[in-house]
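Report on the structure
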Amino acid sequence: MSASDARADPVLRSEQAHLLAANDCLAEMREGAARIADYGVDALASESLGRMRAERLKHLGADLEAPPFFGRTDRDPEAEHPAGEVFHIGRRHIRDSVGDPIVIDWRAPIARPFYRATADDRQGVRLRRRFGFAADATGYAVLSSYEDEHLDAGENLGLRSDLLRAEIERPRVGPMRDIVATIQPDQDELVRADLDTSLCIQGAPGTGKTAVGLHRAAYLLYSYPERLRRSGVLVVGPNAAFLRYIAQVLPALGENGITQTTVEDLVSGDGRLIPGREDAVAVAVLKGDARLAEVCRRAVISHIRKPESDVVPIVGTKRYRIPVERVRRYVDDARRSLVAGELRWDLGRERLRMLLAQDVRRQREDAGGAPSDAETGKVARSVPVKEFVDAVWPALDPREVLVRLYTSPQFLHRCGATVLGPDELDQLAWADPPRSVRAARFSAADLVLLDELRGLMQPNDQYVHVVVDEAQDLSAMQCRVVARRVPIGSVTVLGDLAQATTPWAVGSWPATMAALGSPAATVRPLTVGYRVPGEVLIVANRLLPFIAADVPPATSVRAGREALSYTADLLAAVGRCLEAEGSVAVIVPDAAATSVRAELAGAGIATEELAGAGIATEDLADALPARVTVVAASSAKGLEYDSVVLVEPAAIVAQEPSRLDGLRRLYVAWTRAVSRLAVVHTAPLPDELAVTP
Ligand SMILES: Nc1ncnc2c1ncn2[C@@H]1O[C@H](COP(=O)(O)OP(=O)(O)OP(=O)(O)O)[C@@H](O)[C@H]1O
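As the structure is a computational prediction, the values presented were derived from the model and not from experiment.

Take the sheet that holds strand S19 (residues 584-588) next. Within a sheet, adjacent strands bond to each other through the backbone by hydrogen bonds, running parallel or antiparallel. Here six strands make up an open sheet; going across it, the order is S18-S23-S22-S19-S21-S20 and the pairing parallel. Edge positions in the sheet fall to strand S18 (564-567) and strand S20 (608-610), since each of these pairs with one other strand and no more. Each adjacent strand pair in this sheet contributes to an overall mean axis angle of 25°, direction not counted. Judged from the four bridges that link them, S18 and strand S23 (residues 673-680) form a sheet pairing that is parallel. In the sheet register, Leu564 faces S23, and the bridge partner there is Leu677. Against the sheet, helix H26 (residues 593-602) touches S19, S20, strand S21 (628-632) and strand S22 (641-647), its axis set at about 160° to S21.

So this is what it looks like as structure tokens:
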């Protein structure tokens, strides 16, 4: 191994020359993309060429200030390459004017050994080189050091690599960054799992779950362009603040077309539906239960009426009689398809019209006629057919069906009595029926049920792969919202059962994966922590026996001396954090946000407040976080800050409905810091932090 930052170093000089060449080639590729000939064959071709050009430029232009490569592998000699091939690995493929590769995209199969090769399993690699960069006066990254690992001489640095450690120890400022230069072998295995594999990744705080999920999305888009080209991948996060935090990662990896959203946004029916009432906790839990799917299904199916008479369409002056037995058979067929999930309600109406129209067509053909498609279509749209369909398979509005469930005891009983208990049925009933469906106000859990009902009636957007983050918090019905968007694809599910803080959380990975439509997925653990200093993590781990006994504790790769401190003085703690580099969060009991901000303002410390629900997803690109952010404990999930001041842990525990939820909330808040955690308290700390049973 050698490391150097001397400008005179011949290795650095030659690598710097390669870097300049790579930058020139990239510039040429950009110019080439901008020139994509537009022969104007026709408007459509011209438009699609323009779109292609814009996409390509966007892809090539992402993050121009990032260095074109971060690593290199020198391979063993081969017959065709007696000196052994050399590959520079970067965020995107760069080629020279004759098409030879100058930099290999990190996602290409040939780049894989950069992440996975070890001295024991070299995968054809004799040397791995990592590069270090420093910003020059203009902010551009310049090559400043390198680190070699001679795998063929038995060198195996693993996490002892200085450059790797420097990257992991780097103070955090602003939103999340990609980890493409330092993905670890256990993470890489998950990132590169093939498209048909559904993964469930259980990982302690800071083990890189979010990072793995996002890099996996980028990997899949690269590796399966045909299957994923147009909106094939969806990323689902817990709230808008989290989406803002991760928003830059995929664009930095050159992927701009991925939709990043929340379950709330998915069920909001293009933003038209917002919660207008709050459920009691027990009711919200019940509405999140998987059994509600069956209630919804029955509620829809129960609207099918048994046909009682013949249908008699008229064509011209002639009447054609379709006997009731045949009509019943058509309805039964459509019903069976609906029950099997092969047909949605609204399409069922279409199917019935067509079955009746084709029946008439056959009758006319049997009588020697030759009816045209247009005439058959006319029968399908005729008044008798329409009236029949409206009577036996009426048009439904999800809101109407849900209001009926909540306001008609008979209907609720009919749809729910075999799957829910009498008390549960009572819990669902509305005590204050609205005057009309339009006047009805729905809760957040109701919007999920409306999505379930809508999903039975109409098609929805579909994706080939969905990445679901913080999945431990989802109810079974919320999982189904996601599953509906990926009916035949695969999912990457990320979460930590110890961080589950919603009362409706499913509570186990097999049940969550079943509700997500991938019951066979195995749970893959991540236990190496890259965020929280060891000193801080050891204390957090004391909570595990109380909050998730089966979850394996994480070990930290970050030493972080004097990372944990306790004080009663808020201002002093924040002041000390401000002396260090990086972002600062003051995590507080939700009810204390205003008073803590006022106290800090009184001392001349400006703050920003972060409450997940308050930020609309469209605003994601706006406003970088201020230096000090006051974060309500309930909004801290998934985020990280260089320094964290944690205010009154006992009050954070006490704000939740149960001790279990409170301790989990504390576990989340405790594990947000990268460099230091200052615990500010006057009340005694929760006992669970002190003991290891
Ligand atoms: N291989 C790696 N190299 C460098 N940094 C890494 C690596 N893996 C993870 N990190 C960093 O560790 C931090 C935590 O990662 P991430 O947020 O993905 O963890 P998480 O498991 O999702 O955490 P949480 O459970 O708290 O949501 C991030 O700053 C991430 O960039």
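The structure having been displayed, the exposition proceeds.
Burial of the side chains of strand S10 (residues 259-262) is restricted to one face: Gln260 and Thr262 are buried, whereas none of Thr259 and Thr261 on the reverse face is. Two strands pair when backbone bridges link them, and strand S9 (residues 233-237) and S10 are joined in this way by four bridges, in the parallel orientation. Bridge assignment links Val235 to a residue of S10, and that residue is Gln260.

The next point concerns the site of the ligand. Among the 21 residues in the neighbourhood of the ligand, the closest are listed as Thr182, Gly208, Lys209, Thr210 and Tyr530. Listing elements by their share of the shell around the ligand, those giving two or more residues are helix H4 (162-169) and helix H6 (209-223). Looking at which element gives the most residues to the shell around the ligand, the answer is H6, with three residues. Counted by class, the shell around the ligand contains six nonpolar, 10 polar and five charged residues.

We now examine the packing of helix H20 (residues 444-457) against helix H21 (residues 476-485). The geometry of H20 relative to H21 is characterised by a closest axis approach of 9 Å and an angle of 40° between their N-to-C directions. Classified by the interaxial angle, the pair formed by H20 and H21 is oblique. Handedness of the H20/H21 crossing: left-handed. Judged by residue contacts, Val448, Leu449, Asp451, Glu452 and Gly455 of H20 engage Met477, Gln478, Arg480, Val481 and Arg484 from H21. Residue composition of the contact of H20 with H21, by class: four nonpolar, two polar and four charged.

On the basis of which strands lie adjacent, the open sheet formed by six strands has the order S10-S9-S13-S14-S8-S15 and parallel pairing. The open sheet has two edge strands, S10 and strand S15 (523-526), and neither has a second partner. This sheet shows a mean twist of 20° between the axes of neighbouring strands, independent of strand direction. Of the strands in this sheet, strand S8 (199-203), S9, strand S13 (465-468), strand S14 (490-495) and S15 are in contact with H6, which crosses S14 at around 160°.

Mapping Asp390 onto the fold places it in helix H16 (residues 383-392). For the pair formed by Asp390 and Ile304, sequence separation is 86 residues and the distance between their alpha carbons is 9.9 Å.

Quick look at the packing of helix H13 (residues 324-339) against helix H14 (residues 345-366) now. Close contact between H13 and H14 brings their axes to 10 Å; oriented N to C, the two are set at 150°. Classed by the angle they form, the pair H13 and H14 counts as roughly antiparallel. The chirality of how H13 crosses H14 is right-handed. Note on element contacts: H14 touches H13 through Trp345, Gly348, Arg351, Leu352, Leu355, Leu356 and Asp359, opposite Arg326, Tyr330, Val331, Ala334 and Leu338. Grouping the amino acids of the contact of H13 with H14 by side-chain chemistry returns eight nonpolar, one polar and three charged.

Those places that UniProt annotates as "binding site: ATP" (unreviewed entry) correspond, in this numbering, to Gly203, Ala204, Pro205, Gly206, Thr207, Gly208, Lys209 and Thr210. Looking at the secondary structure, you find Gly206 in the loop between S8 and H6. Taking the number of C-beta atoms within 10 Å as the measure of exposure, Gly206 has 28 and is therefore buried. Residue contacts for Gly206: discarding those within four places in its chain leaves Gly529, Tyr530, Arg531, Val532 and Thr671. Mapped onto the elements of the fold, Gly208 is located in the loop between S8 and H6. Gly208 gets classed as buried once you count the C-beta atoms within 10 Å, which come to 24. In this view, Gly208 contacts Ile179, Gln187, Leu526 and Tyr530; residues no more than four positions away in its chain are not counted.

Rules used throughout
- Position numbers for residues count from 1 along each chain, tracking the sequence in the order it is written.
- Restriction of local features to residues with pLDDT of at least 70 applies here, the model being predicted, together with a cutoff of 80 or more for giving and counting side-chain atom pairs; totals for whole chains, interfaces and linings are based on all residues.
- For two strands to be treated as a pair, DSSP must find no fewer than two bridges joining them.
- Counting from the N terminus, the helices are the DSSP runs of H or I reaching at least four residues and the strands are the DSSP runs of E reaching at least two.
- Interaxial angles span 0 to 180 degrees and are taken between N-to-C directions of axes, which are lines fitted to C-alpha atoms, for helices over the stretch in contact.
- By the criterion used throughout, residues are in contact when their C-beta atoms, derived from the backbone, lie within 7 Å.
- As a rule, residues whose C-beta atom has 12 or fewer other C-beta atoms within 10 Å are exposed, those with 20 or more are buried, and those in between are partly exposed; C-beta atoms are placed from the backbone.
- Being near a molecule or strand means, for a residue, that its backbone-placed C-beta atom lies within 6 Å of it.
- Side-chain classes are defined by residue name, with Ala, Val, Leu, Ile, Met, Phe, Trp, Tyr, Cys and Pro counting as nonpolar, Asp, Glu, Lys and Arg as charged, and the others, Gly among them, as polar.
- Put simply, angles under 35 degrees are roughly parallel, angles over 145 are roughly antiparallel, angles from 65 to 115 are roughly perpendicular, and the rest are oblique.
- Left-handed describes a crossing whose near helix is turned anticlockwise from the far helix by less than a right angle; the clockwise case is right-handed.
- UniProt positions are given in the numbering used here, feature names are shortened, and annotations may be inferred rather than shown by experiment.

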